[in-house]
Amino acid sequence: MLVSFKTLLFAITAISFCTFIALFGRLPAFRDTPIGSLHRLLLIHIPSFLRSVDYRFCGGHVSPALARLGNYLMHDKHPLVLIMFIGLLVVSECMFIPKAWPRLGSGHRLLVPLVATPPYIYIYLAATSNASRITASNHAAQMRAYPYDHVLYKPGIQCRTCKLLKPARSKHCSICKACVAKHDHHCIWVNNCLGRDNYVHFIYLLISVTVLLCYGAYLGYALLSQRLKTEISRPSGQHWSTGMAWSLYFQYWSWALSQEIRIGAVGLLAFMCMPLSGGFLIYHIYLIWAGMTTNESSKWADWREAIYDGLVLKASKTQSGQSRSNEAVESEVKWPVSSDQLLIHRSVLEVQDEGEGTGDKWKPIYSLAEVENIYDLGFWDNLHDVFWNRR
Ligand SMILES: [Zn+2]
Ligand SMILES: [Zn+2]
């Protein structure tokens, strides 16, 4: 049983780790780290190796079908992952709760439904909200939500698909086939884009799932350890594992797991998934603190690299006279900060400068700290924006 316990532990760790790499590996923060390299290995190098094996041995018949399947799974709107997510929750709870219920005290019997229900509510709200999508009827209101910062978002750009001017902080999602206000990311777990309206539900979902996982792991541990306590006789007041060698300790745990397989497996799964949802939650709290969406964090990362390479120049908007054209639109925006900065890539300036000779107002910058993020109002105001500035 010891072997199977270790195998189970190893399998769950490996699956959690691969999921972590697949989900987080492409984040700019991990770009030059082993996690970023593993992400490239998992999503670029291994698939291309498999493709070459397919061409060599199967005449290249397998990979196009797999690529279509992969493309469908990753880039099409379908509820497969959402169904899997809900299915995993339902199956785990059906395995765990009926077995644990008779042994729970009245406090826990009250707590279990309170902890188990919220994830379903927030999955439903995040998955079904369409209010972040930009339509002809809400376009004017979305244009007034945020000012253009002239760094990540420039005025006057039209979405080629929706034929509407892109509001600041919006992005067209090719999966949802719509422009999404304050676009964060397209989330395959809820099969919807997270934007200005439903991002808050996603935050609640992360909190409720993290709480559920912590609680499930705790209950699993408590019930198994209760079982061990009754099986192993010890002088009163002494913990069942006091003075026990590690190998024996693990043997007892694997024995308890074999006796309580439903509670043990679900508790272990909850324990292994805790870092995933907790990590995601911490990352999004960081994004709120920094006044960024996931989409913007990768845009900032691109600017950061260009700035480090000495390729970026900055100018003041008022001095350059560019403020006039968009002043009327921008004065209607209900945001306390407006932008007086313009950023340009050296190569773009060189092309422009040939005709206009406007080179001297641009000054090179060497750190991202020299660029203002006008969407960052400080943690509490950013939080207020996430919770209350939704329509
Ligand atoms: Zn669009
Ligand atoms: Zn989307």
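Residues numbered from 1 in each chain as written. Chains lettered and ligands numbered in written order. Predicted model: local features only at pLDDT ≥ 70, side-chain atom pairs only at ≥ 80, totals over all residues. Heavy atoms only, no water.

By the naming in an unreviewed UniProt entry, the protein chain goes by Palmitoyltransferase and is assigned to Xylona heveae. Recorded in UniProt under Sequence similarities (unreviewed entry), the annotation for the protein chain is "Belongs to the DHHC palmitoyltransferase family." As stated in UniProt under Subcellular location (unreviewed entry), the record for the protein chain gives "Membrane". (UniProt positions renumbered as here; feature names shortened; annotations may be inferred.)

Participant: Quick rundown of the coordination of the zinc ion (ligand 1)? Include the residues and the values.
Facilitator: Around the zinc ion (ligand 1), the protein contributes the donor atoms Cys159 (SG), Cys162 (SG), His172 (ND1) and Cys179 (SG), at 2.0 to 2.3 Å from the metal centre. In this structure, the zinc ion (ligand 1) is surrounded by 4 donor atoms whose angles at the metal cover 102 to 121 degrees, and the resulting shape is tetrahedral. Read N to C, the donor residues that coordinate the zinc ion (ligand 1) are spaced as C-x2-C-x9-H-x6-C. Of this pair, Cys159 sits in the loop between helix H7 (139-143) and strand S1 (171-173) while His172 sits in strand S1, and the two are 13 residues apart along the sequence. The same class applies to Cys159 as to His172, namely buried. (Donors = N, O, S within 2.8 Å, 3.2 Å for Na, K, Ca; no water. Tetrahedral: all angles 85-135°; square planar, octahedral: opposite > 155°, others 65-115°. Helix = DSSP H or I, 4+ residues; strand = E, 2+ residues; numbered from the N terminus. Buried < 20%, exposed > 50% of the residue type's maximum accessible area, 1.4 Å probe, protein only.)

Participant: Explain the packing of aromatic side chains residue by residue, including any values.
Facilitator: Scanning the entire structure with this criterion turns up 19 aromatic pairs. A ring pair is formed by Tyr146 and Tyr375, whose centres lie 6.2 Å apart and whose planes are at 90 degrees; its orientation type is edge-to-face. Within this pair, whereas Tyr146 is found in the loop between H7 and S1, its partner Tyr375 is found in the loop between strand S7 (363-364) and helix H15 (379-388), the two being separated by 229 residues in sequence. Neither Tyr146 nor Tyr375 differs from the other in exposure class; each is buried. An angle of 35 degrees between the planes, with centres 6.2 Å apart, marks the rings of Tyr283 and Tyr286 as tilted. You can see Tyr283 and its partner Tyr286 sitting in helix H10 (residues 261-290), 3 residues apart, about one turn around the helix. Judged by relative accessible area, Tyr286 falls into the partly exposed class, the value being 39%. Ring-pair connections join several aromatic residues into one group, and the members of that group are Tyr221, Trp240, Trp246, Tyr249, Phe250, Tyr252 and Trp253. The ring of Tyr146 is capped by Arg169, whose NZ or CZ atom sits 4.8 Å from the centre of that ring. (Phe/Tyr/Trp six-rings, centres within 6.5 Å; stacked < 30°, edge-to-face > 60°. Lys NZ or Arg CZ within 6 Å of the ring centre and 35° of its normal.)

Participant: Describe the environment of Leu257, listing the residues and the values that go with them.
Facilitator: Here Leu257 shows up in helix H9 (residues 246-259). Given the relative accessible area of 3%, Leu257 is considered buried. Taking the C-alpha atoms as reference points, Leu257 and Ser347, 90 residues apart in sequence, are found 63 Å from one another.

Participant: Give me the lowdown on the pattern of salt bridges, citing residues and values where you can.
Facilitator: Close approach of charged atoms allows side chains with opposite charge to pair. The final tally for this structure, using the stated rule, is 7 salt bridges. A salt bridge links Arg103 to Glu260; the shortest N-O distance between them is 3.0 Å. Placement of Arg103 in the loop between helix H4 (80-100) and helix H5 (106-116) and of Glu260 in the loop between H9 and H10 is noted, with a sequence separation of 157 residues between them. Relative accessible area serves as the criterion here: at 30%, Arg103 is assigned to the partly exposed category. The class for Glu260 is buried, based on a relative accessible area of 7%. Linking Asp385 and Lys182 is a salt bridge whose minimum nitrogen-to-oxygen distance equals 2.9 Å. One end of the pair, Asp385, is in helix H15; the other, Lys182, is in the loop between strand S2 (178-180) and strand S3 (185-187), with 203 residues separating them in the sequence. Residue Asp385 is classed as buried on the basis of its relative accessible area of 7%. When its relative accessible area of 12% is taken as the criterion, Lys182 is described as buried. (Salt bridge = Lys/Arg side-chain N within 4 Å of Asp/Glu carboxyl O.)

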